[in-house]
Amino acid sequence: MRFSLLFLLFTISVFGQNDYPKDYFRSPLDIPLYLSGTFGELRGNHFHTGLDFKTQQKEGLNVYAAADGYVSRIKISTWGYGKAIYITHPNGYTTVYGHLQKASPVIEAYIKKKQYEQKSFEVEMFPAENELVVKKGDIIALSGNSGGSGGPHLHFEFRDSKTEKIINPMLFGFDIQIKDTKPPVINSLVVYPIGDSSSVNQIQKPIEINLSQQKDGSYIAEKLMAKGKIGFGVNTYDLFDNSYNKNGVFKVEGLCNGKPFFGYQFDTFAFDEGRYINALIDYPRYKRTGQRVQKLFMVEPYLLSIITSNNTYGMIDVVPNLYQNFQVEVSDFNKNKSVINIPIEYSALPVKVAKEEKRSGFLLKSRKDNSYTKDNVTVFIPAGTFYEDFYIDFDVKDSILYLHNETVPVHNNMTITFEDKVSSEADKSKMFIASKQGKRLGFNKTTRKGNVFTTYTKDLGQFVLAKDTIAPKISNPNFVEGKWISKQPFLEIYISDNMSGIAEYNGYLNGKWILLEYDYKTRKLSYNFEDNISDEGRNDLKIVVSDNMGNSATFESHFFRSQQQ
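Scoring rules and cut-offs
- Residues numbered from 1 in each chain as written.
- Predicted model: local features only at pLDDT ≥ 70, side-chain atom pairs only at ≥ 80, totals over all residues.
- Heavy atoms only, no water.
- Helix = DSSP H or I, 4+ residues; strand = E, 2+ residues; numbered from the N terminus.
- Buried < 20%, exposed > 50% of the residue type's maximum accessible area, 1.4 Å probe, protein only.
- Contact = heavy atoms within 4.5 Å.
- Areas by Shrake-Rupley, 256 points an atom, 1.4 Å probe, with all protein chains shown as cover.
- Phe/Tyr/Trp six-rings, centres within 6.5 Å; stacked < 30°, edge-to-face > 60°.
- Lys NZ or Arg CZ within 6 Å of the ring centre and 35° of its normal.
- Polar contact = N/O pair within 3.5 Å; in protein donor to acceptor, adjacent residues only side chain to side chain.
- Salt bridge = Lys/Arg side-chain N within 4 Å of Asp/Glu carboxyl O.
- Expected span 1.5 Å × (residues − 1).
- Arc of directions from axis to C-beta.
- Pairing = 2+ DSSP bridges.
- Axes fitted to C-alpha atoms, helices over the stretch in contact; angles between N-to-C directions.

Visitor: Mind showing me how you'd approach the overall build of the protein chain here?
Guide: Along its length, the protein chain carries five helices and 47 strands. Over its C-alpha atoms, taken along the principal directions, the protein chain stretches across nearly 90 × 65 × 40 Å. Going through the 565 residues of the protein chain one by one, you find that 51% of them count as buried. Long-range pairs, those at least 24 residues apart, make up 68% of the contacts in the protein chain between residues at least 6 apart in sequence. As displayed, the protein chain has an accessible area near 26800 Å², and 49% of this comes from carbon and sulfur atoms.

Visitor: Just to check I follow, could you spell out unusual backbone geometry for this structure?
Guide: A negative phi holds for most residues other than glycine; trans holds for most peptide bonds. The phi angle at aspartate 375 is positive, at roughly 50°, despite the residue not being glycine. Turning to its location among the elements, aspartate 375 is positioned in the loop between strand S29 (370-374) and strand S30 (377-381).

Visitor: What am I meant to see in the packing of aromatic side chains here?
Guide: Aromatic rings in a pair are described by how distant their centres are and how their planes are angled relative to each other. On inspection of all chains with the given rule, the structure shows 38 aromatic pairs. On the basis of an interplanar angle of 20° and a centroid distance of 5.7 Å, the ring pair of tyrosine 276 and tyrosine 302 is categorised as stacked. Placement of the pair is tyrosine 276 in the loop between strand S22 (268-269) and helix H3 (277-280) and tyrosine 302 in the loop between strand S23 (294-295) and strand S24 (307-309), with a sequence separation of 26 residues. One exposure class covers both tyrosine 276 and tyrosine 302, and it is buried. Above the face of the tyrosine 86 ring, arginine 73 is positioned so that its terminal group lies 4.5 Å from the ring centre. The ring of phenylalanine 297 carries lysine 295 above its face, with NZ or CZ at 5.6 Å from the centroid.

Visitor: Looking at this model, I keep getting lost on the environment of glutamine 115. Mind explaining?
Guide: Topologically, glutamine 115 is positioned in helix H2 (residues 105-118). Judged by its relative accessible area of 3%, glutamine 115 is buried. Along the sequence, glutamine 115 and leucine 515 sit 400 residues apart, while their C-alpha atoms lie 7.3 Å from each other. Residues in contact with glutamine 115, not counting those within four places in the same chain, are Ile76, Ser120, Phe121, Val123, Trp513 and Leu515.

Visitor: Can you walk me through the side chain of asparagine 506 in this structure?
Guide: Within the secondary structure, asparagine 506 is located in strand S42 (residues 502-509). You can call asparagine 506 buried: its relative accessible area is 14%. A polar atom in the side chain of asparagine 506 sits 3.3 Å from the side chain of glutamate 504. At 2.7 Å, the side chain of asparagine 506 and the side chain of tryptophan 513 are in polar contact. In this structure, asparagine 506 is in contact with Lys119, Trp513, Leu516, Lys542, Ile543 and Val544, ignoring residues within four places of it in sequence.

Visitor: Is there a simple way to think about the pattern of salt bridges in this case?
Guide: For side chains bearing opposite charge, pairing can occur when the charged atoms are close. For the coordinates displayed, the defined rule picks out 25 salt bridges. A salt bridge links glutamate 356 to lysine 205; its shortest N-O distance comes to 3.2 Å. Of this pair, glutamate 356 sits in the loop between strand S27 (337-346) and strand S28 (362-364) while lysine 205 is found in the loop between strand S15 (185-200) and strand S16 (207-209), placing the two residues 151 residues apart along the sequence. Residue glutamate 300 pairs with arginine 367 through a salt bridge whose shortest N-O separation is 2.7 Å. Taken as a pair, glutamate 300 in the loop between S23 and S24 and arginine 367 in the loop between S28 and S29 lie far apart in primary sequence, 67 residues in all. In this structure glutamate 300 comes out as partly exposed when scored by relative accessible area, which is 25%. Residues participating in the shared-partner salt-bridge network are Glu41, Arg43 and Asp52.

Visitor: Would you take a moment to explain H2 for this structure?
Guide: Residues spaced three or four apart along an α-helix point in a common direction, a consequence of the helix completing one turn every 3.6 residues. Its 14 residues place the ends of H2 20 Å apart at the C-alpha level, agreeing with the 20 Å of an ideal helix rising 1.5 Å per residue. Those residues of H2 that fall on the buried side of the exposure criterion are Ile107, Glu108, Tyr110, Ile111 and Gln115. Here the buried residues of H2 occupy an arc of 160° about the axis, which is enough to place them on one side. Exposed residues lying more than 90 degrees from the buried face of H2 are Pro105, Val106 and Lys113. In the core, the buried residues of H2 are packed alongside strand S6 (69-76), strand S7 (83-88), strand S9 (100-103), strand S10 (123-125), strand S12 (139-143) and strand S43 (512-514). In the stretch just after H2, lysine 119 is the one whose phi turns positive, near 50°.

Visitor: Hey, could you run me through the sheet that holds strand S47 (residues 552-561) in this one?
Guide: Either a parallel or an antiparallel arrangement is found when strands of a sheet pair, and the pairing is made through backbone hydrogen bonds. Taken together, four strands build an open sheet; the order of strands is S43-S42-S46-S47 and the sheet is antiparallel. Two strands close off the open sheet at either side, each with one partner strand: S43 and S47. This sheet shows a mean twist of 25° between the axes of neighbouring strands, independent of strand direction. As paired elements, strand S46 (residues 537-547) and S47 share 10 bridges and run antiparallel to each other.

Visitor: Just to check I follow, could you spell out the sheet that holds strand S44 (residues 517-519) for this structure?
Guide: Pairing in this open sheet of four strands is antiparallel, and the strands run S40-S41-S45-S44 from one edge to the other. Both outer strands of the open sheet, strand S40 (473-475) and S44, are each paired with one neighbouring strand and no more. Looking at each pair of strands side by side, their axes are set apart by 30° on average, direction ignored. The sheet contact formed by S44 and strand S45 (residues 524-528) spans three bridges and is antiparallel. Looking across to S45, one finds that glutamate 517 is bridged to serine 526.

Below, the structure written as structure tokens:
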């Protein structure tokens, strides 16, 4: 009953949409809008939160304020959105501009001042309403490729200023500027027998169904001979005119005998719902094949607000003497639609291919706390960490924790602790809990209290106590020591670390702290001489880089520079 009431509320919230203003906001770019990413698109561990606009494969295009307002937040990060500006508008919405190259002169000066005050490239600021006021059409930045961007583009999103919920920019009229006459593409349809007594075509495993496309563009699936409960999943993507990118779809809906059964559409959702992507898709298939099959059912309900469902949660009960037709409709925002019709008939024929169900290990109850201990290792798994019950592998051999495998999605953090009573205090100060893949070790932020090491993780796999005593490397400066470099606009140098990763970096010219920008994709540190820290003639450079275990490396050199170019 509790979940039925929740889904009733979800249904009301989805269909009770706001009347979003269609002509209040302008484009943040002055070029034709082509998309490389759509709202709600399936990404790694999250749904995409905005639109990605192509910037003609280059950086440096003007980025404009979409409407009057003020800069309410600026976040400069090595990861994520990179350099991002947030503008709050008087009509209750906030627009976000991400992966920027640099801000406009006034905003850039504001940022630089804060960076030098805090002596950090990564900063976050919340200007007051009267500090950085902008008008619709003002240039606020240049487009770039900063942070986690995989290529030059502008990430653009809308948020409700009060609730911080993300809203599909298409709802604000941007669909008019993006030509789309193409229906979504259906890659595959998968049917899932659910439970011990269910089967499809005498098979108890998930199977891909053959589809034939009709003259009207719709698809008809082969007839399914089934019994018991079954559910469906679809692998699909959307195309736009003038673009070859395979983007996410807007709406997926399942109907049984013409009645809505289960579906979702990407209008708006909260940030903390993003990880439910791993429950929505067939996660084990994704880890095995890289294909994201979007499921149209739930075995165990989860609280993703975009979903609407009846009380069966999308599972169809195939019983004798009842012929059923299931229909999958996949739509983009412009209402281009692809339809699959799936005839279903009851069959009592015996199972020929049984499902492979693992019943070894420990039965984990997803709605209860679970704790496992062996030797010097303990794993605590709070209720709600996993979406469904399953048999989990837990073992410790040769000081290595074996914690199941990556084919099961994790929603919340687990706690892993290792106890070490043998190592010296000097060694312990350099130790952390590492993820282990073959010979490769990955850093997990670890705390230590005496002999006990603790980390929080959303990953399964192998873990081990590792030690990092090797300092980072600093190499390949773009100047020759003792030479004049008056014409160089930037000072550049590369840094890397072999295990625990870069934690901090600082640069000094003639004893004064300088702002070094770090690009993790290229491992490059750069200093812009426009900051005017250098002296006439000789300049002494010092760069200090530390990793997450406190190992530190220092680079010292000098060069000559003239202030008059």
